[in-house]
Amino acid sequence: MKKIIFLVVSLLFSLGSFAQETKVIKDGKKVTKEQVEANKKKLQNKKKQAEKNAATAKKKQDKNVKEAKQDVAKVKNSNTKATEVKSKVKKTAAQESDDLKQTAVSKAAEKKVTDKVTGEYKGKKVFTGPKGGKYYINKNGNKTYID
């Protein structure tokens, strides 16, 4: 019984002595309460400065985004004007003939087709398939169906 009481008292004594220690920096130096409070104030000041910097950076970013949106709007307006002008201009005969040129791929595809030639569409031969569908071979050599 005396041994148990002695053991409990020694544990309480050791725990009490460890709880009284002050904070220690990595170097092993003891730090006072005043130094801890000064460090807290420095950290708070740094935090406030960082928040101010973040706010100014956000304002600059917002301004840049706004300018970019305005630039995009200008470009879109100029693109729509250009497409309106392009749509109003008719193609010349030379441009139309360039569009109708047949490539080697399309010629080779036409040779492989066993369907009947039934007419012409956009300067290309029109074929009729086994089920009655009408199509022509485009410049890539693919079948393009017509109504």
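Residues numbered from 1 in each chain as written. Predicted model: local features only at pLDDT ≥ 70, side-chain atom pairs only at ≥ 80, totals over all residues. Heavy atoms only, no water.

Our next topic: the nonpolar core. Ala109, Val113, Phe127, Tyr135 and Ile137 form the largest nonpolar core, which has five residues in total. Those residues in contact with Val113 that sit more than four places away from it in its chain are Phe127, Tyr135 and Ile137. (Core = buried A, V, L, I, M, F, W, Y, C linked by side-chain atoms within 4.5 Å. Buried < 20%, exposed > 50% of the residue type's maximum accessible area, 1.4 Å probe, protein only. Contact = heavy atoms within 4.5 Å.)

A few words now on the pairing of strand S2 (residues 124-128). Most of S2 is tucked away: four of the five residues are buried. When strand S1 (residues 116-121) meets S2, the two strands line up antiparallel, connected through five bridges. The residue of S2 that forms the bridge with Lys116 is Thr128. Connecting the antiparallel pair S1 and S2 is a turn made up of two residues, with Lys122 showing a positive phi of about 55°. Note that S2 and strand S3 (residues 134-137) share two bridges and pair antiparallel. When the sheet's bridge partners are listed, Phe127 is paired in S3 with Tyr135. Counted along the chain from S2 to the antiparallel partner S3, the turn is five residues long, and its residue Gly132 has a positive phi close to 100°. (Helix = DSSP H or I, 4+ residues; strand = E, 2+ residues; numbered from the N terminus. Pairing = 2+ DSSP bridges.)

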